[in-house]
Amino acid sequence: MVREGKVKRTDRARLIRDGIVIHTGSLAALKRFKEDVKEVTTNFECGISLVNYNDLREGDILETFAEVEIKAKL
């Protein structure tokens, strides 16, 4: 369930278990009703899998974020 904001297919995710960051990586899949989707908004359920990580447990929190590269200014 997306509690707040949006989850986009291109986002990265942090897996938080008991207040400790366990894994940080890219999303392998984002699905809604067995269909691949580009984004899911607040209050909708979805399926998420992470690249190189399969040990998801009940109570885990996934926090998604986008990495933005900003040019340095002189």
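This section reports on the structure supplied with the text. Just so you know, these numbers come straight off a predicted model, no measurement behind them.

Turning to unusual backbone geometry, a few remarks are in order. Positive phi, normally seen in glycine, also occurs at Asn43, with a value near 70°. For Asn52, which is not glycine, the phi dihedral falls at a positive 60°. When its relative accessible area of 74% is taken as the criterion, Asn52 is described as exposed.

So, about the pairing of strand 2 (residues 12-17). When strand 2 meets strand 3 (residues 20-32), the two strands line up antiparallel, connected through 6 bridges. Note on strand 3: the bridge partner recorded for Arg14 is Thr24. From the end of strand 2 to the start of strand 3, which pair antiparallel, there are 2 residues, and Asp18 there has a positive phi angle of about 55°. Pairing of strand 2 with strand 7 (residues 61-65), which is carried by 5 bridges, proceeds in the antiparallel orientation. When the bridges of strand 7 are listed, Leu15 appears paired with Leu62.

Let us now look at the nonpolar core. Of all hydrophobic cores here, the largest spans 9 residues; its members are Val2, Val7, Ala13, Leu15, Leu27, Leu30, Val40, Leu50 and Tyr53. Looking at this core, the elements with two or more residues in it are strand 2 and strand 3. When near neighbours in sequence (up to four residues on either side) are disregarded, Leu50 contacts Ala13, His23, Ser26, Leu27, Ala28, Leu56 and Leu62.

Turning our attention to the environment of Gly5. Residue position: Gly5 is located in the segment before strand 1 (6-8). What makes Gly5 partly exposed here is its relative accessible area of 36%. Excluding its chain neighbours within four sequence positions, the residues that come into contact with Gly5 are Val40, Thr41 and Thr42.

The rules behind these values
- Residues numbered from 1 in each chain as written.
- Predicted model: local features only at pLDDT ≥ 70, side-chain atom pairs only at ≥ 80, totals over all residues.
- Heavy atoms only, no water.
- Buried < 20%, exposed > 50% of the residue type's maximum accessible area, 1.4 Å probe, protein only.
- Pairing = 2+ DSSP bridges.
- Helix = DSSP H or I, 4+ residues; strand = E, 2+ residues; numbered from the N terminus.
- Core = buried A, V, L, I, M, F, W, Y, C linked by side-chain atoms within 4.5 Å.
- Contact = heavy atoms within 4.5 Å.

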